[in-house]
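A look at the structure
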Amino acid sequence: MSGVRKSLAKVEVALRWDPSPSGTPPHDLDIVAAVYGAADPYGQPVQVVHFGSRSPDGTISLNRDSRTGQGFGYDEVMVLELDRMRPESVRVVVGVLIQDAGPRDGHRKTFAAVGGTGVRIREGHTDLAVTDFGSVPHATAATVARFTREGASGWLLDTTVHGFDADAEEFVRAMGAERP
């Protein structure tokens, strides 16, 4: 799924998933956002926002953080105030990471092992995208949204889901790479 929309201002990215079966370790999924500057729009992020953090200028915040997926509706919600970002911030990539996916040499938890996943991207009461991780079942992390500043015309949104087999550190390094 992909889409483009201009003049985005305040966007909400919400994530949901079902709790793990009784007697098994909990599923812990996290929303991560990386902001890229004009000097290096596909390289190192100038800031990363995830569980327990917030952007220094307050334009990105994680309002809800779940470690189990328990509850009704969406378990994690991140708000991005794109209209308030500095002009030198030209890209924001949002992804989802399975925390504690397991060791590289052993069985790693993938999206296929997590039931009831869903991502909703909305502005106000308008859904811009609704998806899940069905297209990347063997991934341990995935990007779900790429916002790109297009000068005075505002922000464009690409909602193509890209999967990764990466831990948290690797994912943050790779999530902003240029994609076809």
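I will try to describe carefully the structure that is included in this document. (Residues numbered from 1 in each chain as written. Predicted model: local features only at pLDDT ≥ 70, side-chain atom pairs only at ≥ 80, totals over all residues. Heavy atoms only, no water.)

Observations regarding the environment of Met85
Heads up, the condition is: Each helix corresponds to a stretch of at least 4 residues labelled H or I by DSSP, and each strand to a stretch of at least 2 residues labelled E; elements are numbered beginning at the N terminus. Throughout this description, buried means an accessible area under 20% of the type-specific maximum (1.4 Å probe, protein chains only), exposed means over 50%, and partly exposed covers the range between. Only heavy atoms enter the contact rule, under which two residues are in contact if any of them lie within 4.5 Å.
Position of Met85 among the secondary structure elements: in the loop between strand E5 (76-81) and strand E6 (89-98). Given a relative accessible area of 7%, Met85 falls into the buried group. Those residues in contact with Met85 that sit more than four places away from it in its chain are Val35, Thr59, Ile60, Val92, Arg149 and Trp155.

Let's talk about the packing of aromatic side chains
Here is the rule: Aromatic rings from Phe, Tyr and Trp, taking only the six-membered ring of Trp, are treated as a pair when their centres fall within 6.5 Å; an angle between ring planes under 30 degrees marks them as stacked, one over 60 as edge-to-face, and anything in between as tilted. Two conditions define a charge located above a ring, namely a distance within 6 Å from the ring centre to NZ of Lys or CZ of Arg, and an angle within 35 degrees of the ring normal.
Summed over all chains, the structure comprises two aromatic pairs. Aromatic pair Phe164 and Phe171: ring centres 5.3 Å apart, planes at 70 degrees, arrangement edge-to-face. For Phe164, a relative accessible area of 12% corresponds to the buried category. It is Arg91 that lies over the ring of Tyr36; its NZ or CZ is 5.4 Å from the centre.

Details of the pattern of salt bridges
We apply this condition: We define a salt bridge as a side-chain nitrogen of Lys or Arg found within 4 Å of a carboxyl oxygen belonging to Asp or Glu.
For the coordinates displayed, the defined rule picks out six salt bridges. For Arg84, the salt bridge identified is with Glu81, shortest N-O distance 3.1 Å. A relative accessible area of 44% places Arg84 in the partly exposed class. Using a relative accessible area of 19% as the deciding quantity, one classes Glu81 as buried. Put simply, Arg146 and Asp158 hold a salt bridge, and the shortest N to O gap is 2.2 Å.

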